[in-house]
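Overview (structure and organization)
One-letter residues, chain by chain:
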Amino acid sequence: MGIRTRRAALIYLTLQIGTTILALWLSKQPEVTPPAATVVALAPTLPGAFLSWVAYRSDRAEAAADVDQRVRALAARIAPAETEHRARLLGEGGHRVDTVFRHRREPANNAAGAAPEGHLAEAVRYYRELCPGRLVITGDPGAGKTLLALEIVLGLLGDRQDTDPVPLRVSLRGWDPAVPFEKWFAGRLGAYGIDAHEARALIRQRRVLPVLDGLDEMDSGPAAGGRRCAVRALAQLNAYQDHAGSGPLVLVCRTAPYRELAGMEMRLREAARVEIAAVIATQATAYLTARCTDPARWASVLEQLASTADSPLARVLSTPAWLNVAATVYEERDPDTMAHLRHPSDLLAFSTVDEIYAHLTAHAPAGTVHGAASPARRLGMRPSGTRRIALVGAVLLAAVVTAGVLIAPQTQGGNSTASTPAPEPGAPTRVDEKGHHPALSATVLADPPVTGLVSERRVTSAADEAALGRMMSDRAGADAVLRRLHVARAGSAVYKLTVTNVSGRPVRVTDVTPVVTRRTAPVHATSLSPFGGSGGTIPVDLDLDVRFPQFTRNGKPYFDASSRTLKPGEAFDLSVDSHTSRYYVEYHVRIDAVDAHGNRITLDVPDPDDVFGAFRVSGVLPDSEYTDRWTTKESKTSAVLGWKRDRAKR
């Protein structure tokens, strides 16, 4: 028995004996006044009240200890997951650029203690000197915003004391500002085994530091009317303070959207805003020298970076993300011979940034270029004409490494999804191979092609050639050949996408987005001419030639800042006409939604499993540019019997 327990027991016995004696003595007095009678009645309750008070104090101490333990457990789960994600962002070898960020003083409501300039390596110290600890990280696409936020998260976790808040990084994309911020953010803690009541208490006590990524991603529409969610979000984040102005948080946003918001006099109050600077030639040289196995191969590239700061190549390699892409592409080796597949000097042959983008994008392994957004947008150039053509592929591959930016000598990463930290309640749940999800189901019904088919592969066997010739009499045989050829629609594809709520609760669909996974020059190997099919009224258009393709109606985004709530069993259809004249494009459709509990759902709908596909479309070339050209066979008895080889280049 501990000293405190013995002391409490001794006090209890003393009170019990004393109050009993007092009550007995008063009860034997000849005249017991009303106050004395009250004492007689209440005195025996004092020992029990004392024990209750002791138990209450003990429970509070245990609860406090339990909260500390819960917060320590939260930190222990976040740290390894964020460390792994940082490593994924940095890529092979974990090399990084120690990028510079500069303080951008606002007209009012700045946090104190912000130095004029900081470096990635000292990001934690920079943040800790702010008073209050409210920081806005801005930068261009691919500049390293998420990586800088991760550096702060991991630095705070690395030498955290028990009383320090635990930084928790979440995406703002799934937050509907109609839901109060503290309630929504408390929901993010549910994935870590913390119930809503406890989560709200931790947030009110400032035991969790919100690190909020993607303010600019809350609105999918154009800037003119598409910042409504961000404006409402900032209003709530500005209210997330107590009387002393203590509402620490870190907010991440692209520079241009944040300036738009500032132009509406909407900023994060009592905060310091920093902007990540472009990578300079010496930093790029240091990175490539450290990253590459034979720096001598890069000598001509490094020389141009050092001598011509404004060259197209220097501008492309001015972000860590594109440095990473370039190193990945030009360090790739043949798996059999281990010889390099390309030489870096090839980069000097391109005369525009757009050509370099298109070249790197075409050769980058899948997933490498996510987040490495094109500088055309960074530098304020208009992506018109040929500029847009080359940018499309680069930018669409640029989404997830947004911070894939800093390419570092240590494993560093950036987002709370890749390896995932314990997922947010709302961490995206992906669709299965049949297009189903516990809450949503998506089906795609494609019309037969009307503009013909194309393929990167050629018909090489007599049996396949014969099967194509017997199209109507042996449809199964011809379809088998077309599947092997992996044919795509020529020019356009028409299909209907149906999204159904298959859960027992309402689901709110917030966005439907095409996600391009491949973009190359139009297919030129084989062309098969039309053989039938028709398309009906098409209310939704998808132009795959534009830089950021999205579903539109009458030229306006179909899913702008709006959403659509589906009751259990309810569905909606999108009749889509997708088309391209400049590229060969493969994509899938991503559906973003929020369930009744506020959890975020991401449904990836794959290309439908039909012969022709709906999500594979190629621009149409002049007949003379196809290696093989097949035309329909006609007869008096049937309009289309099959195909025949019309011409072949030799």
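Everything here concerns the structure above.
These remarks concern the structure in this document. As the structure is a computational prediction, the values presented were derived from the model and not from experiment.

**Describing the overall build of the protein chain**
Scanning the protein chain for helices and strands turns up 18 helices and 23 strands. Residues classed as buried in the protein chain amount to 50% of the 650 residues present. Taking as baseline every contact in the protein chain between residues at least 6 positions apart, the subset at least 24 positions apart corresponds to 79%. Taken as a whole, the protein chain presents about 29100 Å² of accessible surface, with 54% of it coming from carbon and sulfur.

**A word on helix α18 (residues 475-485)**
All of the buried residues in α18 are Gly477, Ala478, Asp479, Val481, Leu482 and Leu485. Following α18 by one or two positions, His486 has its phi on the positive side, about 55 degrees.

**Re the nonpolar core**
Formed by 63 residues in total, the largest nonpolar core has its most connected members in Ile137, Phe185, Leu212, Leu215, Leu251 and Leu268. Per-element tally for this core: the top contributor is helix α5 (residues 145-158), with six residues. If we skip the residues at most four places from it in the chain, Phe185 touches Leu168, Val170, Ile203, Val208, Pro210 and Leu212. Membership of the second largest hydrophobic core comes to 33 residues, among which are Val444, Leu497, Val516 and Phe572.

**Focus on the sheet that holds strand β1 (residues 100-103)**
If you trace the seven strands from one edge of the open sheet to the other, you get β2-β1-β7-β3-β6-β5-β4, paired in mixed fashion. Two strands bound the open sheet, and with one partner strand each, they are β2 (117-119) and β4 (166-171). The sheet shows a mean angle of 20 degrees between the axes of neighbouring strands, direction not considered. Two strands pair when backbone bridges link them, and β1 and strand β7 (residues 272-276) are joined in this way by three bridges, in the antiparallel orientation. Across the sheet, the residue bridging to Phe101 is Ile276, located in β7.

**Some details on the packing of aromatic side chains**
In this description, an aromatic ring pair is defined by two values, namely the gap between the centres and the angle between the planes. Evaluated as defined, the whole model comprises 10 aromatic pairs. Measuring from centroid to centroid gives 5.0 Å for Phe101 and Tyr126, while their planes differ by 85 degrees, and the two rings are edge-to-face. You can see Phe101 sitting in strand β1 and its partner Tyr126 sitting in helix α4 (residues 123-128), a full 25 residues away along the chain. Pair check on accessibility: Phe101 and Tyr126 agree, each one buried. Aromatic side chains Phe181 and Phe185 sit 5.6 Å apart centroid to centroid with 15 degrees between the ring planes, which places their arrangement in the stacked category. With Phe181 and Phe185 both in helix α6 (residues 181-188) and four residues apart, the pair spans about one turn of that helix. Residue Phe185 is classed as buried on the basis of its relative accessible area, which comes to 0%. Through pairs of rings, three or more aromatic residues link up here, namely Trp175, Phe181, Trp184, Phe185 and Tyr240. Its end group placed over the ring of Tyr240, Arg206 keeps NZ or CZ at 4.1 Å from the ring centre. Over the ring of Tyr583 we find Arg519; its NZ or CZ atom is 4.8 Å from the centre of that ring.

**Some words on the packing of helix α17 (residues 462-469) against α18**
Following both chains from N to C, one finds α17 and α18 inclined at 125 degrees, their axes separated by 8 Å at the closest point. In terms of their interaxial angle, α17 and α18 are classed as oblique. In this structure, the crossing between α17 and α18 has a hand that is left-handed. Touching Asp464, Ala467 and Leu468 of α17 are Gly477, Ala478, Val481, Leu482 and Arg484, all from α18.

Parameters at a glance
Residues numbered from 1 in each chain as written. Predicted model: local features only at pLDDT ≥ 70, side-chain atom pairs only at ≥ 80, totals over all residues. Heavy atoms only, no water. Helix = DSSP H or I, 4+ residues; strand = E, 2+ residues; numbered from the N terminus. Buried < 20%, exposed > 50% of the residue type's maximum accessible area, 1.4 Å probe, protein only. Contact = heavy atoms within 4.5 Å. Areas by Shrake-Rupley, 256 points an atom, 1.4 Å probe, with all protein chains shown as cover. Core = buried A, V, L, I, M, F, W, Y, C linked by side-chain atoms within 4.5 Å. Pairing = 2+ DSSP bridges. Axes fitted to C-alpha atoms, helices over the stretch in contact; angles between N-to-C directions. Phe/Tyr/Trp six-rings, centres within 6.5 Å; stacked < 30°, edge-to-face > 60°. Lys NZ or Arg CZ within 6 Å of the ring centre and 35° of its normal. Parallel < 35°, antiparallel > 145°, perpendicular 65-115°, else oblique. Left-handed = near helix turned anticlockwise from the far one by under 90°.

That's the geometry; what it means functionally is another story.
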